[in-house]
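Below, each chain spelled out in residue letters.
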Amino acid sequence: MKILVISDTHFYHDRIIIEEEVDTIIHCGDFTSSIRYNEDETLYFLDWFSSLKIKNKILIAGNHEAFLYKLHLEKETHTFFK
């Protein structure tokens, strides 16, 4: 099993070269570029992350993911993620 662990990509995730043999990807937070309200960056990253042809994906929000934190505070996280 091949596991790829990344973090702190700060909106440069589309520059990462991912080998085809990866079975699991784990992003350990800070995929957006700033701590401000960043819905557009979050959606762009999630589109990229979900499109990866990798069977298992684990996503951990970091302190830069203000949009996800806002959803959490508003108790709307469950409506955002499918």
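Just so we're clear, the structure is a prediction, and the values are computed from it rather than from any experiment.

Asks: Would you mind going over unusual backbone geometry with me for this structure?
Replies: For residues besides glycine, phi is generally negative; the peptide bonds are generally trans as well. Positive phi, close to 50°, is recorded for Asp8, a residue that is not glycine. Residue Asp8 is classed as partly exposed on the basis of its relative accessible area, which comes to 43%. In this model, Lys75 sits at a positive phi of 55°, which is unusual for a non-glycine residue. For Lys75, the position within the fold is in the loop between α2 (66-73) and α3 (77-80). For Lys75, a relative accessible area of 64% puts it in the exposed group.

Asks: Honestly, the side chain of Asn38 in this entry has me stumped. Any pointers?
Replies: Its place among the elements puts Asn38 in the loop between β2 (24-27) and α1 (39-51). Since its relative accessible area comes to 1%, Asn38 is described here as buried. Polar side-chain contacts of Asn38 include one of 2.8 Å to the backbone oxygen of His64. Discounting chain neighbours no more than four positions away, the residues touching Asn38 are Thr32, His64, Glu65, Ala66 and Phe67.

Asks: Could you clarify how one ought to interpret the nonpolar core in this entry?
Replies: Across soluble globular proteins, nonpolar side chains have a tendency to be buried as a group. Ranked by size, the top nonpolar core spans 13 residues in total, and within it Ile25, Phe45, Trp48, Phe49, Leu52, Ile54 and Leu68 carry the most contacts. Every element with two or more residues in this core is listed here: α1 and α2. In this structure Leu52 touches Ile18, Ile25 and Lys57, once residues within four positions along its chain are discounted.

Asks: Mind showing me how you'd approach α1 here?
Replies: Between the first and last C-alpha of α1 there are 18 Å, a value that for 13 residues agrees with the 18 Å anticipated at 1.5 Å per step. For α1, the complete set of buried residues consists of Glu41, Thr42, Phe45, Leu46, Trp48 and Phe49. Looking down the long axis of α1, one finds its buried residues gathered within 160° of arc, a one-sided arrangement. Along α1, the residues that are exposed and aim more than 90 degrees away from the buried face are Asp40, Asp47 and Ser50.

The rules behind each value
- Residues numbered from 1 in each chain as written.
- Predicted model: local features only at pLDDT ≥ 70, side-chain atom pairs only at ≥ 80, totals over all residues.
- Heavy atoms only, no water.
- Buried < 20%, exposed > 50% of the residue type's maximum accessible area, 1.4 Å probe, protein only.
- Helix = DSSP H or I, 4+ residues; strand = E, 2+ residues; numbered from the N terminus.
- Polar contact = N/O pair within 3.5 Å; in protein donor to acceptor, adjacent residues only side chain to side chain.
- Contact = heavy atoms within 4.5 Å.
- Core = buried A, V, L, I, M, F, W, Y, C linked by side-chain atoms within 4.5 Å.
- Expected span 1.5 Å × (residues − 1).
- Arc of directions from axis to C-beta.

Purely geometric numbers; function is a separate question.
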